[in-house]
Amino acid sequence: MLPYLKVKRYLRSNKITLCKKTLISIIQGSINSSEFLLLIPTPSLNTMNLAGNSLFDLMESDPAENDDENISVQKVLETIKTAWRNEKLSPELLPNKMEYVDCMLEQIKQMEENIEKLRKDDIRIEIHRMEIERIRYVITSYLRIRVEKIEKFAFDIVQQDTERSTENAYLSPDEMKYARAYLSSVDNHCNKYLNLLPPNLRTLEDKNKVIRPDLNSYVFLRAGKDVPNVYIKDMSENKEDEFVLDEGSQHILPYESIAESVKNGDVELL
C-alpha cells in the first residue's frame, strides 16, 4: 500500500489532480507504486518537485562552483538535448559536445549514489530513476547517431577533420580513433577482394571511396535569435537571395544555408 500522506504531498507539490476513484484505490492499496507512476503526468526535469526535492537536488554541489562562470546542471542537460536533436536532424556530422556528455555522466553517477541513501520506501526513488533513464537514453542516442554518421561518411569526415585545428575538430579523440580504425577495416576488406580481380581492375581511387552528406537537403528549424545574412541559392536564376531570420521564427530551408548558424547555436533544428 502506498503511504497516503506521501502521495498526497507529492500530488500537491506537483499540482497534479487525480479523480476521486483513483485516490480511493491508492488509499485502499489496490494500486501499487508502479501503477501509480503510470497514472500521473510525466514530470519534466526542470519542474519535478517532491516535498521540495528535485532530481537535481540529488547531485553533488560544491559551494565554490556556484559562481556565474560555472554552468548549471540544467544548462548542461539542455545543451545535450539540443545537440541530440540537431545531430539527429542534420545531414552532416556536427561538432562534438563530449565535454557536456562526460559532465552529465559524472552527475548521473553521483545521483545514483545519492539515491541509494534514500529510504527504500521513498516514493522519489522510482521517479528519479525514471528521469535518470531518460537522460541516459538521450546520451546513448546522441552517441549512436554520431557513430552511424562516422561510419557512413568516414573518409570525408576524417579527411576534413585532419585539416582542422585541435580546438575546431568535429571529432573527439576517441571518435577519430574509431574512424581511423573503421577506415582501416574497410580498406583491408576491399583489398582482400580487389586482389581477386584482374590487375587492371585492382585499383580503387580515394575519390571513389568518398560518400558526402547532402547539404542541400531541407530541414525544419527555429531561430533562437535574429540571424542576418542567410543566403539561399535561386537555382532558376543562378543567384543567391539574402534573408534575415527573425528570433523565434520557424522555416524550412536548405541545410547548407544555415549550417554555420546551427553549429554556433543561433538556429535549432526541429
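Residues numbered from 1 in each chain as written. Predicted model: local features only at pLDDT ≥ 70, side-chain atom pairs only at ≥ 80, totals over all residues. Heavy atoms only, no water.

Details of the pattern of salt bridges
Step number 1: What the rule picks out here adds up to 18 salt bridges.
Step number 2: For Glu175, the salt bridge identified is with Arg146, shortest N-O distance 2.7 Å. Note that Glu175 is positioned in helix 8 (residues 173-194) and Arg146 in helix 6 (residues 124-152), a separation of 29 residues in sequence.
Step number 3: Judged by relative accessible area, which is 9%, Glu175 ranks as buried.
Step number 4: Among the salt bridges present, the one from Asp266 reaches Lys225, with a minimum N-O distance of 3.9 Å. One end of the pair, Asp266, is in the loop between helix 9 (255-263) and strand 5 (267-269); the other, Lys225, is in the loop between strand 1 (218-223) and strand 2 (227-234), and 41 residues separate them in sequence.
Step number 5: Sharing partners across several salt bridges, the network here consists of Glu87, Arg146, Lys149 and Glu175. (Salt bridge = Lys/Arg side-chain N within 4 Å of Asp/Glu carboxyl O. Helix = DSSP H or I, 4+ residues; strand = E, 2+ residues; numbered from the N terminus. Buried < 20%, exposed > 50% of the residue type's maximum accessible area, 1.4 Å probe, protein only.)

So, the confidence of the model for the protein
Step number 1: Summary statistics for the protein give a mean pLDDT of 79 and a share of 73% for residues scoring 70 or more.
Step number 2: Under a pLDDT of 50 for its full length, residues 37-53 has, in the predicted model, 47 contacts with residues more than four places off or in other chains.
Step number 3: In the model, residues 61-69 has pLDDT below 50 throughout and makes two contacts with residues more than four positions away in sequence or in other chains. (pLDDT = per-residue confidence, 0-100. Contact = heavy atoms within 4.5 Å.)

Let's talk about the packing of aromatic side chains
Step number 1: A full pass over the atoms with the stated rule returns two aromatic pairs.
Step number 2: Aromatic pair Trp84 and Tyr137: ring centres 6.0 Å apart, planes at 85°, arrangement edge-to-face. In this pair, Trp84 is assigned in helix 4 (residues 73-89) and Tyr137 in helix 6, connecting sequence segments 53 residues apart.
Step number 3: Judged by relative accessible area, Trp84 falls into the buried class, the value being 16%.
Step number 4: For Tyr137, a relative accessible area of 51% puts it in the exposed group.
Step number 5: Residues Tyr178 and Tyr182 carry aromatic rings whose centres are separated by 6.4 Å and whose planes lie at 25° to one another, so their mutual orientation is stacked. In this pair, Tyr178 and Tyr182 are both assigned in helix 8, four residues apart and thus about one turn of the helix distant.
Step number 6: With a relative accessible area of 34%, Tyr178 lands in the partly exposed category.
Step number 7: What makes Tyr182 partly exposed here is its relative accessible area of 27%.
Step number 8: One Lys or Arg, Arg164, reaches over the ring of Tyr170 and ends 3.6 Å from the middle of that ring. (Phe/Tyr/Trp six-rings, centres within 6.5 Å; stacked < 30°, edge-to-face > 60°. Lys NZ or Arg CZ within 6 Å of the ring centre and 35° of its normal.)

Remarks on unusual backbone geometry
Step number 1: Residue Asn229 is not a glycine yet carries a positive backbone phi of 55°.
Step number 2: With respect to the helices and strands, the residue Asn229 is situated in strand 2.

Some words on the nonpolar core
Step number 1: Residues Ile80, Met104, Ile108, Ile135, Ile139 and Tyr142 are the most contacted members of the largest nonpolar core, which totals 20 residues.
Step number 2: Residue assignment for this core shows that the elements contributing at least two residues are helix 4, helix 5 (98-115) and helix 6.
Step number 3: The leading source of residues in this core is helix 6, at seven residues.
Step number 4: Core analysis: the next-biggest nonpolar cluster, separate from the first, contains 15 residues, Val219, Val227, Ile232 and Val262 among them. (Core = buried A, V, L, I, M, F, W, Y, C linked by side-chain atoms within 4.5 Å.)

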